[in-house]
Structure formats: C-alpha cells, structure tokens
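Below are the chains, spelled out letter by letter.
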Amino acid sequence: MTATAQIGVTGLAVMGRNLARNFARSGCTVALHNRTEARTRDLVDAFGHEGTFVPTRSPEEFVAALQPPRCLVVMVKAGGPTDAVIEQFAQLVEVGDVIVDGGNAHFEDTRRREAALRERGVHFVGTGISGGEEGALLGPSIMPGGSAEAYRSLGPLLERIAARAPDGAPCTTHLGTDGAGHFVKMVHNGIEYADMQLIAEAYDLLRGVAGLEPAEIAEVFRRWNTGRLDSYLIEITAEVLTHTDARTGRPFVDVVADRAEQKGTGRWTVQTALDLGVPVPGIAQAVFARSQSGHARLRRAAESLPGPETAEGAPSRMAADEAERFAAQVEQCLYASKVVSYAQGWDMLRAGSEAYDWGIDLGSVAAIWRAGCIIRAAFLDRIRGAFTERPALPTLLADPQFAQELGEAQDAWRGTVAAAARHGVPAPGMSGALAYYDGLRAARLPAALTQAQRDYFGAHTYRRDDLEGTFHTQWGGDRTEDRTD
Ligand SMILES: NC(=O)C1=CN([C@@H]2O[C@H](COP(=O)(O)OP(=O)(O)OC[C@H]3O[C@@H](n4cnc5c(N)ncnc54)[C@H](OP(=O)(O)O)[C@@H]3O)[C@@H](O)[C@H]2O)C=CC1
Ligand SMILES: O=C(CO)[C@H](O)[C@H](O)COP(=O)(O)O
C-alpha cells in the first residue's frame, strides 16, 4: 500500500466517523480503520464523495497507508479497549510517529500511556475532543496534550478541523505535556455538569415558583440567550422545552424519567479536586444531584415527608408582570452562580497545571472553549480577556468586571435562593454557589471553631492569628496552652 494519507482514524463509531469526515472535508487524505470492517465500508459508501479516504482492512495496512511521520487518531471505547488498540499500533509504528487518543481518557491513564510510548520513541498525544457527534463533523473544540514536538506535526492538522471562535481563531492549542489535554477536557466536563445543573434549577424555579409551563419557560430561555447567558446549553434547553412528545402530546420534559445518568467525567473532576485540595462545590453538587436523582429507594422513602406550606399542591401561577420580574431575578441568580462555577473550574485548571508542571495558559483554555464544545458561550471571551490581561488573577471572582456583576446580582441571587428554600424547590447549585461566594468573602470563618474542636478531641493542634507556631490546649486538664512546634 502506498503511504498517501496525512492522518488516519481508527475507531469509526459516531465520533471517529465524523472526525474522519471532517479531516477529509478539510482537504486531508484520511486513512480509515475499524475493528469491524463493515463500519469502514459503510463510511466510504455513504460519504466517500466528501474527500479522499483510504479504507484499510487491517492495522498493518492502516499504518502502511500513512505518510511518515505517521499521525493516527484512536477513537475507540475508553478504558481497556483504548489500551489494547494503542498497544497494537505501538508495535507497528516507528520512532517519531504520533499516536493520538481522542477518547475521554482519564488524564492519569494518559500520563501512563505517554510515558510508556516515550520510552519507545513514539509520541503519544492525549486529546480532549468536545462537541459531540455534530461537533466532530463541523468543528469541535480540541484539547491536545503531549510533547511540543508532536504538536508541531499534529497541530496544523487539528487546526484545520477545529471550530472557529468568533474572531476566526481555531479552537485548539497545545495545552501542555502528557495528560494536560485530558485534564483540561475533564475540567470542561465538570463545568458542563455544573452549568447543566444550574440551568435545570432555573427551569425548576420558573416552573415550581412562578408556575410557568415548559413552552413559556422556553421563551424565557430564548430571551436569555440573546444576553450575557448566550450559550449552546441555554439554546438547546429552549429547544428541549418546546418539544412535544409525539406519543402522549405532553411536553417532552414531562415524559423523560427524572433520573440523570453520568459516564463519569464529572465524578473524575471531583475526585481529582479532592486530591488536589481545590474546592469545586459547584461541580460536586451537580454530580451529587445526578446521583440523588437516581436513588429511587431513597426518593420513594422520602416522598411523603413534609415540606413548606407554600409548596402544597400545584404551584400557583404568578401574574404576567410578577412572573417577568421573577424571571429577571432568576437570570441574575443563574448568571452569578454560573460565574462562581466557572471560577471553580479555573481554580482547578490552575491547581492541576501547578501540580503536574504543565504551564497551562488559562486564557487560552477559555479561548478554545469559545466555540465547538458543549460549554461554548459568549462570556468565555470575557474569561479569556480576564486571564490574558492578568494571568496571575487569583480567582475569576476578583476580575473587576465579574466582581461588579456579582455585586449587582446580590439581591436577586439571595432572593432566588430564599424563594427556592421557601417553596421547597431543590437548588443545590445556586445555593451552594452563594455559600461558596460568602465563604470566600467572609472576614472570619467558623473554621476557627472546627480547629478548636479538632484540638479538643484529638490534640490535632491549631494556629493562632496573633502568634507564630502551633498550639494545643490541655482541654482535659487545667486548659493551659502549650506551644507544640
Ligand atoms: N459520543 C460522544 O459524544 C463523545 C465520545 N467521546 C469519546 O470518543 C471515543 C469514541 O466514542 P464513540 O464514537 O461514541 O464510540 P464508542 O465509545 O461507542 O466506541 C465504539 C468504537 O470502539 C471500537 N472498539 C470497542 N472495543 C474495541 C476493541 N477492544 N478493539 C478495537 N476497537 C474497539 C468499536 O469498534 P467495533 O465497531 O468493531 O465495535 C467502535 O469503533 C470514546 O472514548 C468516547 O469516550 C468524546 C467526546 C464525545
Ligand atoms: O464529553 C462530552 C462532551 O464534551 C460528553 O457529552 C460528556 O461526556 C457527557 O457526559 P455524561 O454522559 O457523563 O453526562
């Protein structure tokens, strides 16, 4: 077989097939391979006219079809299958070739795989790809890690197929060595979970407190989508809320089982945050809210527990002008809570970058999330601006523009969280975001009491604000204080 292909894709299910088509449409010659050959044939039969494909029937043929240095993208099921496929191709490629894993791998697996392949002289690039099936075809946000040398050959190809931000910049950049790309994708998904949870809470409040119908709530979301909340997730929420179930004629949202599932990337984000010691309660609340929704036994056991009197029976419908005022208040609350969640996501990016010495450019991450990915949103350009102007910004909340907006949202944010509590509408994301915000601004936290308790029962010692060193109080004795360091 003649080596004519600039890039190869192995694993031609929904993501791989569309990525391969995207490469071909951008003018690349694309080698194709899939374990089950029928998928390769189907792709060429259906889409062969879109560009130049080189279908292959075996891993050996696939590798032989690639121009050196070979770049091959693995798009197979995450976990064991990815390991098996990487090992298979590692045996066939040569020193200097690039193997790319575009699946949703855990960044620690990517670090392990990169180290093993580096020993053999092969570049391994773990890359996050976001945008789902449609994004893979029309332009995803691509988050590659790996060596700078690998990016030199792979980067130009990725830049051809990535989404374009409104300023025309491709939504991909080299993020750092080994697992940096998959770490960034993991945090992207964590933020995605938090954002989706907040949007779900806004919907629930408009329904449970204002008494609006799904189609009316869709109109509210459409309006929001023309302002600072302009984002893909708000846009699709409006679409979902206008959809009517063909079987029953009821709003679609009312026939879908209210048990949210998860493949695991949100959970990984929270587990990693715990290891890194970064507080990301917005993401954790979202993961736990999904988990709680699926606990049928707990929910059944609790369904007859008392709630606030205002919540008894069907929600009373607000008058039009009152509903409008309430919706405006929810918008402020949603926006403020969203800013807090994104701030936590960026804290996590910074902590990961420091812990693994990746040197992730925090402004660039916002730049490549402006288009193509699930959390694409107008306000990411402002996050890009904030971290580009001040790379050492300690938290997004300290950016003067965001801080001003959070100041302006105070009454509405607190009023909405209070309304949720009064009506018994669960809003862990919004109330958690407010608690996080208040926790950061507090001049003094009750952590002082926690420390005192720890010293009381376990002699764990404490520090004082007025003296250097560590101390222990003789709680069981005369309560004198000893210096312990
Ligand atoms: N779906 C999505 O929206 C997104 C998916 N991803 C990630 O992209 C990757 C691909 O996802 P998706 O397209 O949904 O496909 P799947 O995750 O469903 O994986 C199916 C593909 O994996 C191949 N495969 C499975 N096991 C093996 C094996 N042991 N050896 C060789 N090939 C194997 C299948 O081959 P065969 O046809 O022979 O069964 C098929 O090509 C995954 O890692 C996923 O996490 C990332 C972003 C979004
Ligand atoms: O990677 C993605 C987008 O960027 C997937 O859409 C995401 O993994 C979906 O996750 P979950 O099934 O856990 O909701």
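Remember, it's a predicted structure, so these values are computed and weren't measured experimentally.

Turning our attention to the overall build of the protein chain. Within the protein chain, the regular secondary structure consists of 20 helices and ten strands. At 26 Å, the protein chain has a C-alpha radius of gyration in line with the 23 Å of a compact globule built from 485 residues. When its C-alpha atoms are laid out on the principal axes, the protein chain stretches across 80 × 70 × 45 Å. Each of the 485 residues in the protein chain was classed as buried or not, and the buried ones make up 47%. When contacts within the protein chain are restricted to residue pairs at least 6 apart in sequence, those whose partners lie at least 24 apart make up 67%.

What follows is about the site of ligand 2. In the region of ligand 2, the neighbouring residues are Asn104, Ser130, Gly132, Asn189, Gln262, Lys263, Thr265, Gly266 and Ile374. A per-class count over the shell around ligand 2 returns one nonpolar, seven polar and one charged. The two domains that each donate at least three residues to the shell around ligand 2 are domain 1 (7-178) and domain 2 (186-441).

This paragraph deals with the pairing of strand β4 (residues 71-74). Here β4 shows a buried face lined by Cys71 and Val73 and a second buried face lined by Leu72 and Val74. Two elements, strand β1 (residues 7-10) and β4, share three bridges in a ladder whose sense is parallel. Note that in β4 the partner of Val9 across the bridge is Val73. When β4 meets strand β5 (residues 98-101), the two strands line up parallel, connected through four bridges. Paired with Val73 across the strands is Val100, a residue of β5. Handedness of the crossover joining β4 and β5 through helix α4 (residues 80-90) is recorded here as right-handed.

When cut into domains, the protein chain gives domain 1 (7-178), domain 2 (186-441) and domain 3 (447-483). Computed from C-alpha atoms alone, the centre-to-centre distance between domain 2 and domain 3 is 39 Å.

For the rest of this paragraph, the subject is the packing of helix α8 (residues 180-208) against helix α11 (residues 265-276). It is at 8 Å that the axes of α8 and α11 come closest, and there the two elements cross at 105°. As the angle between them shows, α8 and α11 are arranged roughly perpendicular. The residues of α11 that touch α8, namely those facing Met186, Val187, Asn189, Gly190 and Tyr193, are Thr265, Gly266, Trp268, Thr269 and Thr272. Looking at the contact of α8 with α11, its residues break down into four nonpolar, six polar and no charged.

Attention now moves to the nonpolar core. The biggest cluster of nonpolar side chains holds 141 residues, and the ones touching the most others in it are Val30, Ile99, Leu206 and Leu396. Of the residues that make up this core, three or more belong to each of domain 1 (7-178) and domain 2 (186-441). When near neighbours in sequence (up to four residues on either side) are disregarded, Leu206 contacts Leu212, Ile217, Val220, Ala327 and Val330.

Next up on the list: the site of ligand 1. As a structural note, the neighbourhood of ligand 1 is formed by 22 residues, with Met15, Arg35, Thr36, Pro81 and Gly103 the closest of them. Of all elements in the fold, only α1 (14-25), α4 and α6 (132-138) reach the threshold of two or more residues within the shell around ligand 1. When the residues that make up the shell around ligand 1 are grouped by side-chain class, the tally is eleven nonpolar, seven polar and four charged.

Our focus in this paragraph is the sheet that holds strand β2 (residues 29-33). Reading across the sheet, the seven strands line up as β3-β2-β1-β4-β5-β6-β7 and stay open at both edges, with mixed pairing between neighbours. Edge positions in the sheet fall to β3 (52-55) and β7 (141-144), since each has one partner strand and no second. Within the sheet, the average angular offset between the axes of one strand and its neighbour, ignoring direction, is 25°. Running at roughly 155° to strand β6 (residues 123-130), helix α5 (residues 107-119) makes contact with β5 and β6 of the sheet.

Definitions and limits used
Residues numbered from 1 in each chain as written. Chains lettered and ligands numbered in written order. Predicted model: local features only at pLDDT ≥ 70, side-chain atom pairs only at ≥ 80, totals over all residues. Helix = DSSP H or I, 4+ residues; strand = E, 2+ residues; numbered from the N terminus. Rg over C-alpha atoms; globule rule 2.2 N^0.38 Å. Buried ≥ 20, exposed ≤ 12 C-beta atoms within 10 Å, placed from the backbone. Contact = placed C-beta atoms within 7 Å. Near = placed C-beta within 6 Å. Nonpolar A, V, L, I, M, F, W, Y, C, P; charged D, E, K, R; others polar. Domains from an automatic or database assignment. Pairing = 2+ DSSP bridges. Right-handed = clockwise from strand over helix to strand, strands pointing away. Axes fitted to C-alpha atoms, helices over the stretch in contact; angles between N-to-C directions. Parallel < 35°, antiparallel > 145°, perpendicular 65-115°, else oblique. Core = buried A, V, L, I, M, F, W, Y, C linked by C-beta atoms within 7 Å.

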